[in-house]
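An overview of the molecular structure
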Amino acid sequence: MTNSLTERDAKVIWHPYTQHKNFLPPIPIVSGKDTLLFDDKGNSYIDAISSWWVSIHGHGNAYIAEKIYQQAGRLEQVIFTGFTHEPAVRLAERLLPLLPGDFSRVFYSDNGSTAVEVAMKMAIQYWGNKGEARTKLLAFHNSYHGDTFGAMSVSERSVFTAPFNDYLFEVIFIDTPTPENIDQLCHFIHEHGREIAGFIYEPLVQGAGGMIMYEAALLDRLLTEAAADRILCIADEVMTGFGRTGRLFAGEYLRHKADIICLSKGLTGGTMALGVTAATERLFEAFLSDDKRKTLFHGHSFTANPIACAASLASLDIILTEECRQRIERIGQRHQAFLQTIGPSSVVRNARATGTILAFEVNTGRDEYINAIGPVITKQSLERGIYLRPLGNTVYVMPPYCITEKEMDQVYEFLVHCITSLEEKNSIRI
Ligand SMILES: *Cc1c(COP(=O)(O)O)cnc(C)c1O
């Protein structure tokens, strides 16, 4: 008898964000098609969170797969310094005009965290190259920008960063804007502006911090204030990019345009690891010099991997179709309609939606990532053929755009079931 995959996994794998003591064995997934994941026993699960927010076109997309196959046969990888290739140039040519801002240069890396690292290095070195002493970075409370040290530094200090807090560099954190605090925040930026190199933010929706949503108009005021003090604005659209917020990029809701934008997750349609950091020409020019020390000394082995670039080009073809645009709009409409059906409840708080993202808190325990309700809801959802993975007590839905009306119904039915059973438990306790 050969050991099962879960038994073999238990011996050799260290999973991300997983406490391995007493953990539920992972489910072996053998294939995926559109919204569905299939396990080794033939069960299917609606991937209602797009596999950690990446699979925007669902799984097993034949068009993207074909483009990947073709590119893999032609040129799978080449060093990207001293060489270039069609997929990287073509992707930059197509992406740049779509981005919300005057971006003119694409720097490639491997993932969201590296896209953020590159952005921070660009912003910090920009000022160094210009000979101005600006050293601080500004970020929002509850932000999440990735798991590498620089990205952790600009992220909220939390259970994720706790073991490393002593090693993270100092960052100025401010609250996300509300009508009440906006004047005070603008004043703060104005006071400290001249020491700040860059301001990094997740526009409209803070993802891993708990799907916190805030107003575009208020962010615009902050960005305008920051720009007045020449602070470089870094839009981290790693999660919000590629249709998540209803438009292609969250930055489209803003009047003020960023100087740097970070993309990953949906970039390749969730098929390959790729990161993009795009910058304006003004930024790029600050690195042009006869002095070699002004070079951006950064790169990764797989910078601009041709297969990943080809996958992104294919994903762009799909997301730019009228059909895909309508699907994104439809998910947004259905989320809004669902919000209308949630009445006053003893267990649900702050139900909200932005574009294709729906979220609410359940009132059990404290609002924190290690709240015990998350894994319980995941288990219940799997039993009903749906995959959800709450962030602590924040339940959210972020489906692939190809989700069907019927699958949407199933997801909403599960949410209602979840809420009702928690309400029942509450009333028993009273
Ligand atoms: C996921 C995420 C990152 C990090 O991306 P990885 O590919 O996981 O390294 C950075 N910023 C935001 C806003 C994210 O949601």
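Parameters at a glance
By convention here, each chain's residues receive numbers from 1 onward along its written sequence. Owing to the predicted nature of the model, reporting of local features is limited to residues with pLDDT of at least 70; listing and counting of side-chain atom pairs is limited to 80 or more, with chain, interface and lining totals taken over all residues. In computing side-chain properties, one takes all heavy atoms of the structure into account and sets aside hydrogens as well as water. Here a cavity is any set of points on a 1 Å grid over the protein atoms alone where a 1.4 Å probe fits but cannot get out, and a pocket is any open set with protein on both sides within 12 Å along at least 5 of 7 lines; a residue lines the site when it has an atom within 4 Å of a point. Grid points are joined across faces, edges and corners, and a volume is the space filled by probe spheres set on the points. Secondary structure elements follow DSSP: runs of H or I no shorter than four residues count as helices, runs of E no shorter than two count as strands, and numbering proceeds from the N terminus. Under the scheme applied here, ten amino acids are nonpolar (Ala, Val, Leu, Ile, Met, Phe, Trp, Tyr, Cys and Pro), four are charged (Asp, Glu, Lys and Arg), and all others, including Gly, are polar. Salt bridge, as applied in this entry: a Lys or Arg side-chain nitrogen positioned within 4 Å of an Asp or Glu carboxyl oxygen. Burial status follows relative accessibility: with a 1.4 Å probe on protein chains alone, a residue under 20% of its type maximum counts as buried, one over 50% as exposed, and anything between as partly exposed. Where a domain begins and ends is set by an automatic assignment or by a domain database. The term buried area refers to how much accessible surface (probe radius 1.4 Å) is lost by two components on association, counted for both of them together. In the analysis that follows, any N or O atom pair within 3.5 Å is treated as a polar contact, provided that within protein one partner can donate a hydrogen and the other can accept it, and provided that, for residues neighboring in sequence, both atoms belong to side chains. A fitted line through C-alpha atoms serves as each axis, taken over the contacting stretch for helices, and the angle formed by two N-to-C directions is quoted from 0 to 180°. Our angle categories are set so that under 35 degrees counts as roughly parallel, over 145 as roughly antiparallel, 65 to 115 as roughly perpendicular, and the remainder as oblique. The hand of a helix crossing depends on one turn: near helix anticlockwise from the far one by less than a right angle means left-handed, and clockwise means right-handed. In this analysis, two residues are considered to be in contact whenever any of their non-hydrogen atoms come within 4.5 Å of each other. By convention in this text, a residue qualifies as near a molecule or strand provided that one of its non-hydrogen atoms is within 4 Å of it. Here the open area of atoms and residues is found with the Shrake-Rupley method and a 1.4 Å probe, where only the protein chains shown may cover a residue. What is meant by a nonpolar core is a set of buried Ala, Val, Leu, Ile, Met, Phe, Trp, Tyr and Cys residues, joined one to another through side-chain atoms within 4.5 Å. Our working definition of a disulfide is a cysteine sulfur pair at a distance within 2.5 Å. Patch definition: residues with relative accessible area over 30% and no salt bridge; like charges joined within 9 Å; nonpolar side chains (Val, Leu, Ile, Met, Phe, Trp, Tyr) joined within 5 Å. The pairing criterion is simple: DSSP has to find at least two bridges between the two strands.

This paragraph deals with the layout of surface pockets. Counted as a void, the largest pocket has a volume near 1500 Å³. What lines the largest pocket is a set of 32 residues, among which Tyr 17, Thr 18, Thr 378, Tyr 387 and Arg 389 lie closest to the centre. Every element with two or more residues in the lining of the largest pocket is listed here: α2 (50–53) and α12 (373–383). The dominant element in the lining of the largest pocket, judged by the number of residues it contributes, is α12, at six residues. Partitioned by chemical class, the residues of the lining of the largest pocket number 19 nonpolar, nine polar and four charged.

Okay, the pattern of salt bridges next. Taken as a whole and judged by the stated rule, the model has 18 salt bridges. With its nearest N and O atoms 3.5 Å apart, the salt bridge here joins Glu 195 to Lys 136. With Glu 195 in the loop between α7 (182–192) and β7 (196–201) and Lys 136 in strand β5 (residues 136–140), this residue pair connects regions lying 59 residues apart in the sequence. Judged by relative accessible area, which is 23%, Lys 136 ranks as partly exposed. Note that Asp 259 is salt-bridged to Arg 282, the shortest N-O span being 3.0 Å. Note that Asp 259 is positioned in the loop between β10 (232–236) and β11 (260–263) and Arg 282 in helix α9 (residues 281–285), a separation of 23 residues in sequence. Accessibility expressed as a relative area gives 10% for Asp 259, which makes it buried. A single salt-bridge network, built from bridges that share partners, covers Arg 330, Arg 334, Glu 405 and Asp 409.

Looking now at the domain arrangement of the protein. In many analyses, interface size is given as the accessible surface area lost on bringing the parts together. Considered domain by domain, the protein is made up of domain 1 (5–60 + 322–425) and domain 2 (75–319). One C-alpha centre belongs to domain 1, the other to domain 2, and the line joining them spans 27 Å. The largest contributions to the domain 1 side of the interface with domain 2 come from Tyr 17, Trp 53 and His 57, which together make up 26% of the buried area. Inspection of the region where domain 1 meets domain 2 yields zero salt bridges. At the junction of domain 1 and domain 2, the tally comes to eleven residue pairs in polar contact (both at pLDDT 80 or more). Its residues assigned to classes, the side of domain 1 that touches domain 2 shows 18 nonpolar, seven polar and two charged.

Where helix α3 (residues 62–74) contacts helix α10 (residues 306–319), the axes come no closer than 8 Å and their chain directions differ by 150 degrees. Classified by the interaxial angle, the pair formed by α3 and α10 is roughly antiparallel. Note that α3 runs across α10; the crossing there is right-handed. Contact residues: α3 offers Tyr 63, Ile 64, Lys 67, Ile 68, Gln 71 and Ala 72, while α10 offers Pro 306, Ile 307, Ala 310, Ala 311, Ala 314, Ser 315, Asp 317 and Ile 318. Of the residues belonging to the contact of α3 with α10, the class tally is ten nonpolar, two polar and two charged.

It is worth spelling out the site of the ligand at this point. As a structural note, the neighbourhood of the ligand is formed by Trp 53, Asn 111, Gly 112, Ser 113, Tyr 144, His 145, Gly 146, Glu 202, Asp 236, Val 238, Met 239 and Lys 265. Note that an oxygen atom of the ligand is positioned 2.5 Å from one of the side-chain N or O atoms of Ser 113. In the model, an oxygen atom of the ligand is placed 2.7 Å from a nitrogen or oxygen of the Lys 265 side chain. Notes on the ligand: free accessible area 380 Å², of which the protein chains cover 84%. By residue class, the composition of the shell around the ligand is four nonpolar, five polar and three charged.

With that out of the way, let us pick up the nonpolar core. Counting 92 residues, the largest nonpolar core has Tyr 201, Met 211 and Leu 415 as its most contacted members. Per-element tally for this core: the top contributor is helix α13 (residues 405–429), with eight residues. If you count residues domain by domain, this core takes at least three from each of domain 1 (5–60 + 322–425) and domain 2 (75–319). Setting aside residues no more than four positions away along its own chain, Leu 415 makes contact with Phe 338, Leu 358, Phe 360, Leu 388, Val 395 and Val 397. By size, the runner-up hydrophobic cluster in this structure holds 28 residues, among which are Phe 107, Leu 137, Leu 232 and Cys 262.

With that out of the way, let us pick up the state of the cysteines. Enumeration over the complete set of coordinates arrives at zero disulfides. Cys 186 takes part in no disulfide bond, and the closest cysteine sulfur to it belongs to Cys 233, at a distance of 12 Å. Residue classification places Cys 186 among the buried residues on the basis of a relative accessible area of 8%.

Taken together, the side chains of Phe 149, Phe 164 and Tyr 167 define a hydrophobic patch exposed on the protein surface, amounting to about 350 Å² of accessible area. Structurally, the position occupied by Tyr 167 is in the loop between α6 (149–153) and β6 (172–174).

This part covers unusual backbone geometry. For Tyr 17, which is not a glycine, the phi torsion comes out positive at approximately 50 degrees. Tracing the backbone shows Tyr 17 in the loop between α1 (5–12) and β1 (29–33). Exposure remark for Tyr 17: the relative accessible area of 32% places this residue in the partly exposed category. Phi angles above zero are rare outside glycine, and Phe 242 is one such case at about 60 degrees. Within the fold, Phe 242 resides in the loop between β10 and β11. A residue is classified by how much of its surface remains accessible, and Phe 242, at 3% relative accessible area, is buried.

Spatially, four strands are ordered β1-β2-β3-β15 in an open sheet, and the strand pairing comes out mixed. Each of the sheet's edge strands pairs with one partner strand only, and the pair in question is β1 and β15 (386–387). As defined by bridge partners, β1 adjoins strand β2 (residues 36–39) across four bridges and the pair is classed as antiparallel. When the sheet's bridge partners are listed, Ile 29 is paired in β2 with Asp 39.

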